[in-house]
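For reference, the chains in residue letters:
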Amino acid sequence: GAVVSQHPSWVICKSGTSVKIECRSLDFQATTMFWYRQFPKQSLMLMATSNEGSKATYEQGVEKDKFLINHASLTLSTLTVTSAHPEDSSFYICSARNLAGGAYEQYFGPGTRLTVT
Amino acid sequence: RKEVEQDPGPFNVPEGATVAFNCTYSNSASQSFFWYRQDCRKEPKLLMSVYSSGNEDGRFTAQLNRASQYISLLIRDSKLSDSATYLCVVNRRGGGNKLTFGTGTQLKVEL
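Residues numbered from 1 in each chain as written. Chains lettered and ligands numbered in written order. Predicted model: local features only at pLDDT ≥ 70, side-chain atom pairs only at ≥ 80, totals over all residues. Heavy atoms only, no water.

1. Some points on the overall build of chain A
Across its full length, chain A carries 0 helices and 11 strands. The secondary structure elements of chain A, listed N-terminal to C-terminal, are β-β-β-β-β-β-β-β-β-β-β. Against the 2.2 N^0.38 benchmark of 13 Å for 117 residues, chain A shows a C-alpha radius of gyration of 13 Å, consistent with a compact globule. Dimensions of chain A along its principal axes, counting C-alpha atoms only, are 40 × 25 × 20 Å. Of all 117 residues assigned to chain A, the portion counted as buried reaches 52%. A separation of at least 24 residues holds for 54% of the contacts in chain A among residues at least 6 apart in sequence. Split by element, the accessible area of chain A, about 5600 Å² in all, is 52% carbon and sulfur. Across chain A, 10 positive and 9 negative side-chain charges occur, with their mean positions spaced 4 Å apart. (Helix = DSSP H or I, 4+ residues; strand = E, 2+ residues; numbered from the N terminus. Rg over C-alpha atoms; globule rule 2.2 N^0.38 Å. Buried < 20%, exposed > 50% of the residue type's maximum accessible area, 1.4 Å probe, protein only. Contact = heavy atoms within 4.5 Å. Areas by Shrake-Rupley, 256 points an atom, 1.4 Å probe, with all protein chains shown as cover. Lys, Arg positive; Asp, Glu negative; His and termini not counted. Charge placed at Lys NZ, Arg CZ, Asp CG, Glu CD.)

As structure tokens, this is what we get:
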């Protein structure tokens, strides 16, 4: 199946700093990538849809100025958590849709566990 | 009402048991349905898509009832390695590629 990687796997940072998370599709091209967040014992919540070459579309309640998304190529999307606070500590997961695959099938990265102290 | 609802469990079953999970969704316009599996502290992985006619993949059988907006997953001859959280997933209101996840049903298979 299609492979999606994320980097870093986990990160611990101090409050007020910014953290960048990378999401790469390794063996396919993805015009669209999705960023999710999952808090303990909760479901994945879609944060934003990342479109190659255009601005990301954010879900209601997600601050676009705090969660900066850049999708500069067909294989890379980045999420930057700016001025991180402890409440931003979560499991961030990206997914990518394979252009050659089914219309609604998405492949998930392994996730990035962010802890803000 | 949540868009996708699941019984969170946990369901503790002995190895070899048959277990079924249910899921209901609220948006009648939803078009695509999936079961994902998520292990502790890992990303979700696609288990199987769910088709109107029902489909089977080895020990796993998925059923869809559009009239009742109900999806099910049946696991036969459960293995210890089946222990995980099973996520019911539908495409979002308005269609497109946005997925809505249920909170998941936790399964624990025991000796």
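2. Thoughts on the interface of chain A and chain B
Facing the 20 residues of chain A at the interface are 21 residues of chain B. Taken over both partners, the interface formed by chain A and chain B buries close to 1700 Å², and the fraction arising from carbon and sulfur atoms is 53%. Counting across the interface, chain A meets chain B through 1 salt bridge. Notably, a salt bridge pairs B:Lys98 with A:Glu59, separated by 2.9 Å at the nearest N-O pair. (Buried area = accessible area lost by both parts, 1.4 Å probe. Salt bridge = Lys/Arg side-chain N within 4 Å of Asp/Glu carboxyl O.)

3. Here we look at the sheet that holds strand β7 (residues 60-65) of chain B
All names here are of chain B. The sheet built from 5 strands is open, its strands ordered β1-β3-β8-β7-β6 with antiparallel pairing. The open sheet has two edge strands, β1 (4-6) and β6 (55-57), and neither has a second partner. On average, each strand axis in the sheet is inclined to that of its neighbour by 20°, with strand direction left out of account. Bridging between β7 and strand β8 (residues 70-75) involves 6 bridges; their strand directions are antiparallel. Pairing of Thr61 across the sheet is with Leu74, part of β8. (Pairing = 2+ DSSP bridges. Axes fitted to C-alpha atoms, helices over the stretch in contact; angles between N-to-C directions.)

4. Looking at the pairing of strand β3 (residues 19-25) of chain A
Residues and elements named next belong to chain A. Side-chain alternation along β3 places Val19, Ile21, Cys23 and Ser25 on a buried face and Lys20, Glu22 and Arg24 on a face that remains uncovered. Where strand β1 (residues 4-7) and β3 come together, 4 bridges link them in antiparallel fashion. The residue bridging His7 from the neighbouring strand is Glu22, located in β3. In this sheet, strand β8 (residues 76-81) lies alongside β3 in antiparallel orientation, the contact comprising 6 bridges. Counterpart to Val19 in the pairing with β8 is Val81.

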